[in-house]
Amino acid sequence: MTKQKQKNLGLSAQASTSGPVECLGHKFESDAARREHFRELLREKLKDPTFRRTEGFPVGDDEDILRLSDPPFYTACPNPFLSELTAHYGKAYRAGDAYHRDPFAIDVSVGKTDALYKAHSYHTKVPHLAIVPSILHYTKPGEIVLDGFCGSGMTGVAALWCGAAPEAYRKEVEGEWKREGLPAPQWGARQAVLNDLSPAATMIAAGYTLPFDMDTFTYRAQQILDSVEEELGWMYETNHADGSVKGRISFTVWSEVFSCPECAHEVVFVDEALDKETKHVRDEFPCPSCKAKLTKDNLERSFETLIDAASGEPWKRVRFRPVLITYKVGDREFEKVPDAADEALLARIGRLPTPAALPTVAFPIDEMAHGSRIAPKGFTHAHHFFLPRAAAALSALWSRAAAETDTSTRRMLLWFIEQAVWGLSVMNRYSPSHFSQVNRALNGVYYIASQHSEVSPWYILDGKLSRLTKAFVGSKPPGVRVDQHRQLRGAASGISVR
Ligand SMILES: C[S@@+](CC[C@H](N)C(=O)[O-])C[C@H]1O[C@@H](n2cnc3c(N)ncnc32)[C@H](O)[C@@H]1O
């Protein structure tokens, strides 16, 4: 981290929570000791073949499961501490206990612009502010709420929000309920048991709900961005138009190269089909050579055979060519057509070996709903989804985050970096009609468009870091110090506490 940036952030690295803690009736000298104790129990449990045969058990090595987990509150597999946790934190209903609530209807479209909701994306995500009223209606403070299909864990966030909601929000809900003739809500955090078949989902849910030290996270995340810039910044340099200075690339546009069905001349899709005025792709456009009418449907795919750096085998895939670079000199943004120096730089990067941190597994194409969209274009393995420069950047970011020794900081660093995986992949479409090229992948489908924005890691992550910091700190109730707020944020994937 440069001195200037350190000063701007006004932060210093801090050790994570220290001091004695109590968990499930045991006393530990620190939170790290608590984690170690339960991690050893989980390690033993993972050796039990019956436990591993639990339906839905993730495919993963013991060490990977242990590294992700923060037991007993979060385990990246079925949680063996669940009964103990529910017995400890819950209260059984006794026969004869009266429980009655009238049915309750609520608008779930609320809160989709909330910073905390947007802190991490997930398909079919429900805003926590849409869940809070139901939890308030159906439960009392301290009671346990189960979400067996938790996805990104918004039910856990909602359970905590019932205790952390700011005064203005409480007043608004109380006013609405009064008008509806409902009894006043009982504020106070609920416990949440969060479960999902997908380890990615529970990892996101854990990031949302487990406590972490915000200052340490922010400091380390900025350090990672700075050190990756130091190591790989040369990959994102381009000569400014006047040749006097170097610009810093924000994104490079790659176009698929087709062939004309009439004259076989090459057709660089973005150059011919994109209307520079309207910024939209034209339905019909002329061949640059024979002027035949071309459409996306009558263009012929053109392939090139590369050497797959991971396997050393020939790799045939559709042709892409860089056609536009957007870069900054100081705060000013410029565009240019890639020149010989840019081409030489890309060729140099292309000769680098596949980074060790990049997964090279083959996709189960035949079992994928969208396998037929990617395999015919030549994209059959995980590493095919990343151009060499993006692969280097993602690997550098990921390996630094994964090397963090403090469990809760590491979880949040991976939570942060993981959000760049889609955006750095070839699924990120070039959308000239949008101001930002961040997260332009088509939702819910594996689709590689004919125009790709290859963004720099800083373009995608710099803003995300400041938004994350604001989202988590901004969700604290007024008058409550951030460190107290962290204590409130005690839920976990698997079980929530406090
Ligand atoms: C509609 S999403 C939930 C989204 C969540 N409400 C949120 O706000 O992020 C449904 C979830 O169910 C999970 N799922 C599907 N089948 C499951 C199963 N048999 N057991 C547990 N989870 C399952 C999926 O992985 C997915 O995350």
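Residues numbered from 1 in each chain as written. Predicted model: local features only at pLDDT ≥ 70, side-chain atom pairs only at ≥ 80, totals over all residues. Heavy atoms only, no water.

1. Observations concerning the overall build of the protein chain
Note the following rule: For the purposes of this entry, the term helix denotes a DSSP run of H or I that reaches at least four residues, the term strand denotes a run of E that reaches at least two, and both are numbered from the N terminus. What makes two residues a contact is simply this: any of their non-hydrogen atoms within 4.5 Å. Accessible surface is estimated by sampling points in the Shrake-Rupley manner with a 1.4 Å probe; for residues, cover comes only from the protein chains shown. Positive charges are assigned to Lys and Arg, negative charges to Asp and Glu, while His and the chain termini are left out of the count. Lysine's charge is taken at NZ, arginine's at CZ, aspartate's at CG and glutamate's at CD.
Of regular secondary structure, the protein chain possesses 18 helices and 16 strands. Dimensions of the protein chain, computed from C-alpha atoms along their principal axes, come out at roughly 85 × 50 × 50 Å. When contacts within the protein chain are restricted to residue pairs at least 6 apart in sequence, long-range pairs at least 24 apart make up 66% of them. Element-wise, carbon and sulfur atoms account for 53% of the exposed surface of the protein chain, whose accessible area totals about 24,800 Å². Averaging the positions of the 60 positive and the 62 negative side-chain charges in the protein chain gives two centres separated by 4 Å.

2. Notes on the state of the cysteines
As a reminder, the rule being used: Count a disulfide wherever a pair of cysteine sulfur atoms falls within 2.5 Å. For each residue, the accessible area found with a 1.4 Å probe, counting protein chains only, is set against the maximum for its type, and the residue is called buried under 20%, exposed over 50%, and partly exposed in between.
Summed over all chains, the structure comprises zero disulfides. No disulfide involves C290; its nearest neighbouring cysteine sulfur is the one of C263, lying 3.7 Å away. For C290, a relative accessible area of 34% translates into the label partly exposed.

3. Re helix α7 (residues 154-164)
Counting buried residues along α7, 10 of its 11 residues qualify, which places the element largely inside the surrounding structure. All buried positions along α7 are accounted for by M154, T155, G156, V157, A158, A159, L160, W161, C162 and A164.

4. Overview of the site of the ligand
So the rule is basically this: Throughout, the term near means that a residue has one or more heavy atoms lying within 4 Å of the molecule or strand in question. Whenever a nitrogen or oxygen atom comes within 3.5 Å of another N or O atom, the pair is scored as a polar contact, on the condition that within protein one atom can donate a hydrogen and the other can accept it, and that pairs from neighbouring residues in sequence are kept only if both atoms are in side chains. As a working rule, the residues Ala, Val, Leu, Ile, Met, Phe, Trp, Tyr, Cys and Pro are called nonpolar, Asp, Glu, Lys and Arg charged, and the rest polar, with Gly in that last group.
Surveying the vicinity of the ligand reveals 14 residues, the closest of which are Y122, T124, V126, S152 and D196. Take V126: an N or O atom from its main chain is 2.9 Å from an oxygen atom of the ligand. For the ligand, whose free accessible area comes to 600 Å², the fraction covered by protein is 67%. Considered class by class, the residues forming the shell around the ligand number six nonpolar, six polar and two charged.

5. Considerations on the packing of aromatic side chains
Applicable threshold: Pairing of aromatic rings covers Phe, Tyr and Trp, the last through its six-membered ring, and needs centres within 6.5 Å; plane angles under 30 degrees mean stacked, over 60 mean edge-to-face, and all others mean tilted. Whether a charge sits over a ring depends on NZ of Lys or CZ of Arg being within 6 Å of the ring centre and within 35 degrees of the ring normal.
Inspection of the entire model under this criterion finds 24 aromatic pairs. Where Y208 meets F472, the ring centres are 6.3 Å apart and the plane angle is 55°; that geometry is what we call tilted. Here Y208 is found in helix α9 (residues 199-209), whereas its partner F472 is found in helix α17 (residues 457-474), with 264 residues between them in sequence. A residue is classified by how much of its surface remains accessible, and Y208, at 0% relative accessible area, is buried. For F472, a relative accessible area of 4% gives the class buried. Measuring from ring centre to ring centre gives 5.7 Å for W415 and F472, while their planes differ by 55°; the resulting arrangement is tilted. Of this pair, W415 sits in helix α15 (residues 407-417) while F472 sits in helix α17, and the two are 57 residues apart along the sequence. Assigned by exposure class, W415 and F472 land together as buried. Ring pairing ties together the aromatic residues Y208, F212, F217, W415, F416 and F472, which thus form one cluster. Of note, K316 hangs over the ring of F303, and the distance from its end group to the ring centre comes to 5.0 Å.

6. Regarding the pairing of strand β4 (residues 191-194)
The following threshold applies: Strands are treated as partners if at least two bridges between them are detected by DSSP.
What you see with β4 is no split at all: Q191 and V193 on one side and A192 and L194 on the other are buried throughout. Of the strand pairs in this sheet, strand β3 (residues 144-147) and β4 are connected by four bridges, and their pairing is parallel. What sits directly across from D147, in β4, is L194.

7. Focus: the layout of surface pockets
Under the convention used in this document: Points on a 1 Å grid, built from protein atoms alone, make a cavity when a 1.4 Å probe fits but cannot get out and make a pocket when they are open with protein on both sides within 12 Å along at least 5 of 7 lines; residues with an atom within 4 Å of a point are the lining residues. Grid points are joined across faces, edges and corners, and a volume is the space filled by probe spheres set on the points.
Computed from the structure, the second largest pocket encloses a volume of approximately 860 Å³. Every residue lining the second largest pocket is counted, 38 residues in all, and those nearest its centre are L346, I349, G350, L387 and P388. For the lining of the second largest pocket, the elements supplying multiple residues, two or more each, are α10 (214-232), β11 (303-307), β12 (314-318), β13 (320-329), α12 (340-350) and α14 (388-402). Of all the elements, α14 adds the most residues to the lining of the second largest pocket, at seven residues.

8. Side note on the domain arrangement of the protein chain
Put simply, the test is: All the domain ranges listed were derived from an automatic or database domain assignment. Each of two parts loses accessible area, computed with a 1.4 Å probe, when they are put together; buried area is these two losses added. Salt bridges are defined by distance alone: a side-chain nitrogen of Lys or Arg within 4 Å of a carboxyl oxygen of Asp or Glu.
Once the domains are mapped, the protein chain shows domain 1 (19-208 + 481-493) and domain 2 (218-455). Taken together, the 13 residues of domain 1 in the interface contact 12 residues of domain 2. Across the domain 1/domain 2 interface, buried area totals approximately 1,100 Å², and carbon plus sulfur atoms make up 50% of it. Summed over the three residues of domain 1 that lose the most area to domain 2, namely R67, H120 and M203, the buried surface amounts to 48% of that side. D70 is the partner of R411 in a salt bridge, and the nearest nitrogen-oxygen pair spans 3.0 Å. Scanning the region where domain 1 abuts domain 2 turns up seven residue pairs in polar contact (both at pLDDT 80 or more). Broken down by element, the side of domain 1 that touches domain 2 gets its largest block of residues, five residues, from α9.

9. Digging into the pattern of salt bridges
Under the counting rule described, the total for this entry stands at 23 salt bridges. Where salt bridges share partners, they join D31, R34, R35, D70 and R411 into one cluster.

10. A closer look at the side chain of D406
Tracing the backbone shows D406 in the loop between α14 and α15. Despite its burial, D406 pairs with no opposite charge, the nearest such side chain being R35 at 4.6 Å. A polar contact is formed between the side chain of D406 and the side chain of S408, at a distance of 3.2 Å.

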